[in-house]
Amino acid sequence: MTLALDAAAQDLLFREAHTANTFTAEPVAEEQVQAIYDLVKYAPTAFNQSPLRIVLVRSEEARERLVSHMAEGNQEKTRTAPLVAILAADNEFHSELPTLFPHFPQAKDVFFAERGAREQSAALNASLQAAYFIVGVRAAGLAAGPMTGFDPAGVQKEFLDDDHTPLMVVNIGKPGENASYPRSPRLAYDQVVTTV
């Protein structure tokens, strides 16, 4: 059996794609980010919710504010990446459900009236969207360097508000010299998949 994607696309999106730690100085244009979003907005989510929020960190002043909240090992690559995105979950996503899920607009109140339910759902579904975002970055011929090594409370206070939870910081650009480590092992099919 073969996949619908040709081998070159499979390599670009999966086999040859690596987390990048260094980048060239080539900028990432706003049009590229918009094209990425316009592709990945179709990620599957519960109730078609769209809790992912993206903060593009472009100015030097904002970049230094972000770097101050990154773990030491993530500071330099965040400082030098052409573009950095903060991916966050909007815990008030439910207000958009009447538009995004029009055949059951009551879902907003039936399932998400409680803040705890919203936070749990926002974290899961925004993470699904974030995974698609990373694949979309790869589809644009760019490399992504997703990181969770940062101070979430500091990033939230600096760039978001109490209704938004930071999930990850992603460096984006063309991979630079020695951008990635050699491919680490992965689990084999029979270690992961069971049939019942």
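Everything discussed here concerns the structure shown above.
Before going into details, it helps to say that this report is about the structure given with it. What you see is a predicted model, and the numbers here were worked out from it, not measured in a lab.

About the criteria used
Residues numbered from 1 in each chain as written. Predicted model: local features only at pLDDT ≥ 70, side-chain atom pairs only at ≥ 80, totals over all residues. Heavy atoms only, no water. Core = buried A, V, L, I, M, F, W, Y, C linked by side-chain atoms within 4.5 Å. Buried < 20%, exposed > 50% of the residue type's maximum accessible area, 1.4 Å probe, protein only. Helix = DSSP H or I, 4+ residues; strand = E, 2+ residues; numbered from the N terminus. Contact = heavy atoms within 4.5 Å. Axes fitted to C-alpha atoms, helices over the stretch in contact; angles between N-to-C directions. Parallel < 35°, antiparallel > 145°, perpendicular 65-115°, else oblique. Nonpolar A, V, L, I, M, F, W, Y, C, P; charged D, E, K, R; others polar. Phe/Tyr/Trp six-rings, centres within 6.5 Å; stacked < 30°, edge-to-face > 60°. 1 Å grid on protein atoms, 1.4 Å probe; cavity = no way out; pocket = protein on both sides within 12 Å on 5 of 7 lines; lining within 4 Å. Points joined across faces, edges and corners; volume = space filled by probe spheres on them. Pairing = 2+ DSSP bridges. Arc of directions from axis to C-beta.

**Considering the nonpolar core**
Piece 1. By size, the foremost hydrophobic cluster in this structure holds 26 residues, and its most contacted members are L87, F133, V137 and I172.
Piece 2. Elements represented by at least two residues in this core include exactly α2 (30-40), β2 (83-90), α7 (115-139) and β4 (164-173).
Piece 3. The element that contributes the greatest number of residues to this core is α7, accounting for six residues.
Piece 4. Not counting the four nearest positions on each side in its chain, L87 is found in contact with L52, R53, I54, A130, F133, T165, P166, L167, M168 and V170.
Piece 5. Counting residues in each nonpolar core, the second largest holds 18 residues, with V57, A62, L66 and V84 among its members.

**Details of the packing of helix α3 (residues 60-67) against helix α4 (residues 72-80)**
Piece 1. Here α3 crosses α4 at 170°, and the two axes come no closer than 9 Å. The orientation of α3 with respect to α4, classified from their angle, is roughly antiparallel. For the pair α3 and α4, contact is made by R63, E64, L66 and V67 and by Q75, T78, R79 and T80, respectively.
Piece 2. Its residues assigned to classes, the contact of α3 with α4 shows two nonpolar, three polar and three charged.

**Some details on the packing of aromatic side chains**
Piece 1. Counted according to the given criterion, the structure contains six aromatic pairs.
Piece 2. The interplanar angle of 80° and the centroid separation of 6.2 Å between the aromatic rings of F104 and F111 together place this pair among those described as edge-to-face.
Piece 3. For F104, a relative accessible area of 27% puts it in the partly exposed group.
Piece 4. A ring pair is formed by F111 and F112, whose centres lie 6.4 Å apart and whose planes are at 55°; its orientation type is tilted.
Piece 5. Within the aromatic cluster, the residues linked to one another by ring pairs are F47, F93, F101, F104, F111 and F112.

**Some remarks on the layout of surface pockets**
Piece 1. Computed from the structure, the largest pocket encloses a volume of approximately 220 Å³.
Piece 2. Lining the largest pocket we find 13 residues, and of these A17, H18, T19, R183 and R186 sit closest to its centre.
Piece 3. Tallied by class, residues from the lining of the largest pocket come to four nonpolar, five polar and four charged.
Piece 4. Every residue lining the second largest pocket is counted, 15 residues in all, and those nearest its centre are E16, A17, H18, A143 and P175.
Piece 5. Contributing elements (two or more residues each) for the lining of the second largest pocket: α1 (7-15) and β3 (143-147).
Piece 6. Tallied by class, residues from the lining of the second largest pocket come to eight nonpolar, four polar and three charged.

**A short note on the sheet that holds β4**
Piece 1. Spatially, four strands are ordered β1-β2-β4-β3 in an open sheet, and the strand pairing comes out antiparallel. Only two strands of the sheet have a single neighbouring strand rather than two, namely β1 (52-57) and β3. With direction set aside, neighbouring strand axes in the sheet form an average angle of 30°.
Piece 2. Pairing of β3 with β4 involves five bridges; the strand directions are antiparallel. Looking across to β4, one finds that M147 is bridged to V169.
Piece 3. Of the strands in this sheet, β1, β2 and β4 are in contact with α3, which crosses β2 at around 65°.
Piece 4. On the sheet, α4 packs against β2, β3 and β4 and is oriented at approximately 145° with respect to β3.

**Details of α4**
Piece 1. Where α4 is concerned, the buried positions are N74, K77 and T78. Looking straight down α4, one finds that the buried residues subtend no more than 105° of arc, so they occupy a single side.
Piece 2. Structurally, α4 contributes buried residues whose contacts are with α3, β2, β3 and β4.

**Quick look at α3**
Piece 1. Turning to α3, its buried residues number three or more, namely A62, R63, L66 and V67. For α3, the angular spread of the buried residues around the axis is 140°, confining them to a single face.
Piece 2. Where α3 is buried, its residues meet β1, α4, β2, α8 (152-159) and β4.

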